[in-house]
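A look at the structure
Spelled out from the first residue to the last, the chains are:
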Amino acid sequence: MGRMFKAALALFLPLALASCVLAPGKFVSTLRIDADHHFTFTYIGEVYALDMSDNMMNGLGGTPSDHATPASSDGDSPTMQRLAFQSEDKPDPAKKKAATDARNREIAAALSKEAGYRKVTYVGDGKFQIDYAVSGTLDHAFVFPYNLDAEAVFPFVVVEVRANGTVRVKAPGFAADDNTKSVPGVGQQTSKLDGIFTLDTDAEIVSQNNEEGATPGTAGRKTISWKATPLTKDAPTAVLRLH
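Criteria and thresholds
All residue numbers refer to position in the chain's written sequence, counted from 1. Confidence filtering applies because this is a predicted model: local features only for residues at pLDDT of at least 70, side-chain atom pairs given and counted only at 80 or more, and all residues used for totals across whole chains, interfaces and linings. As a rule here, side-chain values cover all heavy atoms of the structure and leave hydrogens and water aside. Numbering of helices and strands starts at the N terminus; helices are DSSP runs of H or I of at least 4 residues and strands are runs of E of at least 2. Any two residues whose heavy atoms approach within 4.5 Å at even a single point are treated as in contact. Shrake-Rupley sampling with a 1.4 Å probe provides the accessible areas, and residues are treated as covered by the protein chains on show and by no other component. The buried label applies to any residue whose accessible area, calculated with a 1.4 Å probe on protein chains only, is under 20% of its type's maximum; exposed applies above 50%, and partly exposed to all values in between. Two strands qualify as a pair provided DSSP detects at least 2 bridges between them. For helices, the axis comes from a line fit to the C-alpha atoms of the stretch in contact; other axes are also lines fit to C-alpha atoms, and the angle between any two N-to-C directions lies between 0 and 180 degrees. In these notes, a set of buried Ala, Val, Leu, Ile, Met, Phe, Trp, Tyr and Cys residues joined through side-chain atoms within 4.5 Å is what counts as a nonpolar core. The predictor attaches a confidence to each residue, called pLDDT, with possible values from 0 through 100. To estimate how far a helix should reach, multiply one less than its number of residues by 1.5 Å. We call two N or O atoms a polar contact when they sit within 3.5 Å, provided that within protein one can donate a hydrogen and the other can accept it, with sequence-adjacent residues counted only if both atoms are side-chain atoms.

1. Some words on the overall build of the chain
Helix and strand counts for the chain come out as 7 helices and 13 strands. At a minimum sequence separation of 6, the contacts of the chain that also span at least 24 residues come to 63%. Accessible surface, the chain: about 13,200 Å² in total, of which carbon and sulfur atoms supply 55%.

So, in structure tokens, the structure goes:
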């Protein structure tokens, strides 16, 4: 698993440098999967946007200016060239915040155009309020969230359709496991993680990683609920066998 994740991370880093990562805050999310391949997914709550260009550099031990400033030729004595670089590299907090807010409003606008987003509101400080619901047929994989216009990466929930008649559900965004923490900027965001993810199904449950197991419902249905907090180490995972 570690080797596979490192390989995926190598592909993820170049994309993330030019993208934003969306991370969950307080939320309620449900995934209904029927044995006949019909599904409905909902997510209602907070989503935070991380600026990966800054977080990547911090995770690598510095900022772009740390590596761009030329060394002084006189020990610790500043040269005119060094002073010029330091002057140019000093960020303006107000301008940076305005640029970040503008980008996040663009992200909200891009998400609003996608089917399923019933409400997307950017409320400031990198936080969005989202109401999302989508239904369909599991004849292909499902990923949430993913949007090319918003350049959003790092999905909360992934449903994989397999050739043997099973589907694999995994929610990497709803846990703070070691793999998530190894992505600069993503691990720090898990401090805001606070939600419930519920899987509702009438299909056969081949495997799942909730210690409390499935709760029987009506008409042969079963539910599994995972609590997502900053202490959650294992991403919610289940394998179902469909008809």
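2. What about the pairing of strand β13 (residues 237-241)?
Counted residue by residue, β13 has 4 buried out of 5 residues, so it is predominantly covered. Where strand β10 (residues 204-208) and β13 come together, 4 bridges link them in antiparallel fashion. Across the sheet, Gln208 pairs through a bridge with Ala238, a residue of β13.

3. Thoughts on the sheet that holds strand β8 (residues 166-170)
Read across the open sheet, the 5 strands follow the order β5-β7-β8-β13-β10; overall the sheet is antiparallel. Strands with a single pairing partner mark the edges of an open sheet, and in this sheet they are β5 (142-144) and β10. Ignoring which end each strand starts from, the neighbouring axes of this sheet average 15° apart. Direction of pairing for β5 relative to strand β7 (residues 157-161): antiparallel, over a ladder of 3 bridges. Counted as the bridge partner of Val143 is Val158 from β7.

4. Looking at the nonpolar core
Counting residues in hydrophobic clusters, the biggest one holds 41 residues, and the most contacted among them are Ile33, Phe41 and Tyr43. When sequence neighbours within four positions are dropped, the list of residues in contact with Tyr43 reads Pro24, Gly25, Phe27, Val28, Ser29, Ile130, Asp131, Tyr132, Phe144, Phe156 and Phe174.

5. A look at the confidence of the model for the chain
When pLDDT is averaged along the chain, the result is 80; 68% of the residues meet or exceed 70. Here residues 4-18 scores under 50 on pLDDT; set against residues more than four positions off or in separate chains, the count is 19 contacts. Low confidence marks residues 55-73, where pLDDT is under 50. Its contacts with residues over four positions away, or in another chain, come to 29 contacts.

6. Observations concerning the pairing of strand β12 (residues 222-228)
Bridging between strand β9 (residues 194-201) and β12 involves 7 bridges; their strand directions are antiparallel. Its bridge partner lying in β12, Gly195 is registered against Ala228. Two strands pair when backbone bridges link them, and strand β11 (residues 215-216) and β12 are joined in this way by 2 bridges, in the antiparallel orientation. Pairing of Pro216 across the sheet is with Lys222, part of β12. The antiparallel pairing of β11 with β12 creates a hairpin that spans 5 residues between the two strands, and Ala219 there sits at a positive phi of about 55°.

7. What about unusual backbone geometry?
Geometrically, the link from Phe144 to Pro145 is a cis peptide bond, its omega value of -15° lying close to zero. For Pro145, the position within the fold is in the loop between β5 and β6 (152-153). In this structure, His37 is a non-glycine residue whose phi angle is positive, near 85°. Note that His37 resides in the loop between β1 (20-33) and β2 (38-51). With a relative accessible area of 23%, His37 lands in the partly exposed category. Phi at Ala219 takes a positive value of approximately 55°, unusual for a residue other than glycine.

8. Examining helix α5 (residues 93-112)
The first and last C-alpha atoms of α5 sit 28 Å apart over 20 residues, in line with the 28 Å expected at 1.5 Å per residue. If you check which residues of α5 are buried, you get Asp101, Asn104, Ile107, Ala108, Ala110 and Leu111. The N-capping residue of α5, defined by a side-chain oxygen 3.0 Å from the backbone nitrogen of Ala94, is Asp92.

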